[in-house]
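Notes for the structure review
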Amino acid sequence: MHARSALFDLYGDHLRDRDGWAPIAGIVRLLGAVDVAPPAVRTAVSRMVREGWLEPVERQGQRGYAATPRARARRAEAHARIYRTRDESWDGCWHVVVVDHASERARRGRVAAALSYLGYARMAPDTWIAPRENAELAGTLAAEGLPARAFSARYAAEGAELAESLWDLQGLAAAYREFVAQARTVQADRPADRGPEAAFAARTLLVHEWRKFLFRDPGLPAQVLPADWPGHEAAVLFDTTASALLPLAREFVDSCLAPDPKPRS
């Protein structure tokens with residue numbers, strides 16, 4: 001697990017209910033449980049500060065880092081997708097976005113990566129489509145200074161055919177089946193029986209693997225997916241396994257984030 005990814009997971013999974021702040025010493029201890037070395041943690045923290053995801057904040061004599069408003073917005077959106085808390089009903093309309101062409105290749109690459117993360121697939125060089133509008137779309141395009149025109153439209157043919165042509169559903173299904181196998185291995189290993197740290201490590205790795213689907217799964221409605229879609233089983237298995245590990249994982253987080261008895265002056 002890369003240190004930067006582990007930090008995103010930590011702030012999204014555990015620190016969102018703790019005001020989005022943690023002392024650096026606690027962050028180092030927590031990520032040490034998933035074999036991220038202290039120098040890698042500190043380097044990743046510095047990088048995330050430069051990128052605008054974290055900001056240094058001292059509390060009660062302890063140096064720490066808090067999630068920025070930008071990070072909180074991304075975290076809330078990602079949390080809804082990870083834990084499927086949003087209403088996934090679908091009215092049969094697709095959200096089509098035509099973005100003004102960017103002359104710089106690097107800029108086009110950033111836009112493509114951002115729109116893919118938000119669940120959009122490329123239909124043409126500057127035309128993107130998703131099963132529903134993403135609330136982050138306007139801010140994402142504004143950050144790149146790119147105007148766009150958006151439409152809500154119905155597809156004249158079968159929605160399943162459109163989905164299969166734009167997204168790699170076979171590859172995504174294979175990834176879901178692999179996740180199911182990994183999650184069942186976690187259940188069989190019974191990490192909760194080994195205590196809070198083991199439960200935290202197991203849950204962190206589980207969430208980390210599940211979070212990868214944020215970059216691959218656009219949240220397509222059931223109406224356009226195969227009847228035997230493995231994503232449904234994977235989601236249920238993730239929810240039950242992660243929930244079972246959560247109490248002990250929180251216990252370990254609490255112990256690592258407890259104030260130092262002798263905070264630095």
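Residues numbered from 1 in each chain as written. Predicted model: local features only at pLDDT ≥ 70, side-chain atom pairs only at ≥ 80, totals over all residues. Heavy atoms only, no water.

**Brief notes about empty space enclosed by the protein**
Any empty space left between atoms is shown by rolling a water-sized probe over those atoms. Evaluation of the coordinates by the stated rule reveals 1 cavity of 30 Å³ or more. When its volume is computed, the largest cavity comes out at roughly 30 Å³. Lining the largest cavity, in full, are D9, L10, D13, H14, T204 and V207. Of all elements in the fold, only α1 (3-13) and α9 (196-211) reach the threshold of two or more residues within the lining of the largest cavity. Examining the composition of the lining of the largest cavity, we find that 3 residues originate from one element, α1, more than from any other. Residue composition of the lining of the largest cavity, by class: 2 nonpolar, 2 polar and 2 charged. (1 Å grid on protein atoms, 1.4 Å probe; cavity = no way out; pocket = protein on both sides within 12 Å on 5 of 7 lines; lining within 4 Å. Points joined across faces, edges and corners; volume = space filled by probe spheres on them. Helix = DSSP H or I, 4+ residues; strand = E, 2+ residues; numbered from the N terminus. Nonpolar A, V, L, I, M, F, W, Y, C, P; charged D, E, K, R; others polar.)

**Regarding the packing of α1 against α9**
The interhelical angle for the contact between α1 and α9, taken along N-to-C directions, is 105°, at an axis separation of 10 Å. Judged by the angle between their axes, α1 and α9 are roughly perpendicular. Along its contact with α1, which presents S5, F8, D9, L10 and D13, the element α9 presents F200, R203, T204, V207, H208 and R211. The class makeup of the residues in the contact of α1 with α9 is 4 nonpolar, 3 polar and 4 charged. (Axes fitted to C-alpha atoms, helices over the stretch in contact; angles between N-to-C directions. Parallel < 35°, antiparallel > 145°, perpendicular 65-115°, else oblique. Contact = heavy atoms within 4.5 Å.)

**Thoughts on the pattern of salt bridges**
As enumerated under the stated definition, the model contains 16 salt bridges in all. Note that R18 and D254 form a salt bridge whose closest N and O atoms lie 2.5 Å from each other. Within this pair, whereas R18 is found in the loop between α1 and β1 (21-23), its partner D254 is found in helix α10 (residues 231-257), the two being separated by 236 residues in sequence. Among the salt bridges present, the one from R107 reaches E144, with a minimum N-O distance of 3.9 Å. Taken together, the residues R107 in helix α5 (residues 105-117) and E144 in the loop between α6 (137-143) and β7 (148-153) connect sequence positions 37 residues apart. A residue is classified by how much of its surface remains accessible, and R107, at 18% relative accessible area, is buried. Each of E104, R107, R110 and E144 takes part in one network of salt bridges that share partners. (Salt bridge = Lys/Arg side-chain N within 4 Å of Asp/Glu carboxyl O. Buried < 20%, exposed > 50% of the residue type's maximum accessible area, 1.4 Å probe, protein only.)

**A few points about the packing of aromatic side chains**
Inspection of the entire model under this criterion finds 13 aromatic pairs. Each ring, one from W90 and one from W94, has its centre 5.3 Å from the other, and the planes form 75°; the classification is edge-to-face. Take W90 and W94: they sit in the same class, and that class is buried. Judged by centre distance (5.8 Å) and plane angle (50°), the ring pair of Y176 and W210 falls under tilted. In this pair, Y176 sits in helix α8 (residues 169-189) while W210 sits in helix α9, placing the two residues 34 residues apart along the sequence. (Phe/Tyr/Trp six-rings, centres within 6.5 Å; stacked < 30°, edge-to-face > 60°.)

**Some thoughts on the packing of α1 against helix α2 (residues 24-32)**
Viewed as axis vectors pointing N to C, α1 and α2 meet at an angle of 110°, and their least axial separation amounts to 11 Å. Taken together, the axis directions place α1 and α2 in an arrangement best described as roughly perpendicular. Between α1 and α2, the contacting residues are A3, A6, L7, L10 and Y11 on the first element and I27, L30 and L31 on the second. Its residues assigned to classes, the contact of α1 with α2 shows 8 nonpolar, no polar and no charged.

**What about the sheet that holds strand β3 (residues 62-67)?**
Ordered by their spatial adjacency, 3 strands build an open sheet running β1-β3-β2, and the pairing between neighbours is antiparallel. Looking at the sheet topology across the chains shown, the edges are occupied by β1 and β2 (54-59). Each adjacent strand pair in this sheet contributes to an overall mean axis angle of 35°, direction not counted. The pairing of β1 with β3 spans 3 bridges and is classified as antiparallel. Opposite A22, over in β3, you have Y65 as the bridge partner. (Pairing = 2+ DSSP bridges.)

**Some thoughts on unusual backbone geometry**
One non-glycine residue, Q60, lies in positive phi territory at about 50°. Position of Q60 relative to the elements: it lies in the loop between β2 and β3. Owing to a relative accessible area of 69%, Q60 belongs among the exposed residues under this scheme. Its identity as a non-glycine residue notwithstanding, R190 has a phi of 50°, on the positive side. As for its position among the elements, R190 is in the loop between α8 and α9. Its relative accessible area of 52% is what places R190 among the exposed residues.

**Quick notes on the nonpolar core**
Formed by 47 residues in total, the largest nonpolar core has its most connected members in W210 and F238. The biggest single contributor to this core is α8, with 8 residues. (Core = buried A, V, L, I, M, F, W, Y, C linked by side-chain atoms within 4.5 Å.)

Don't take any of this as a statement about function, it's just geometry.
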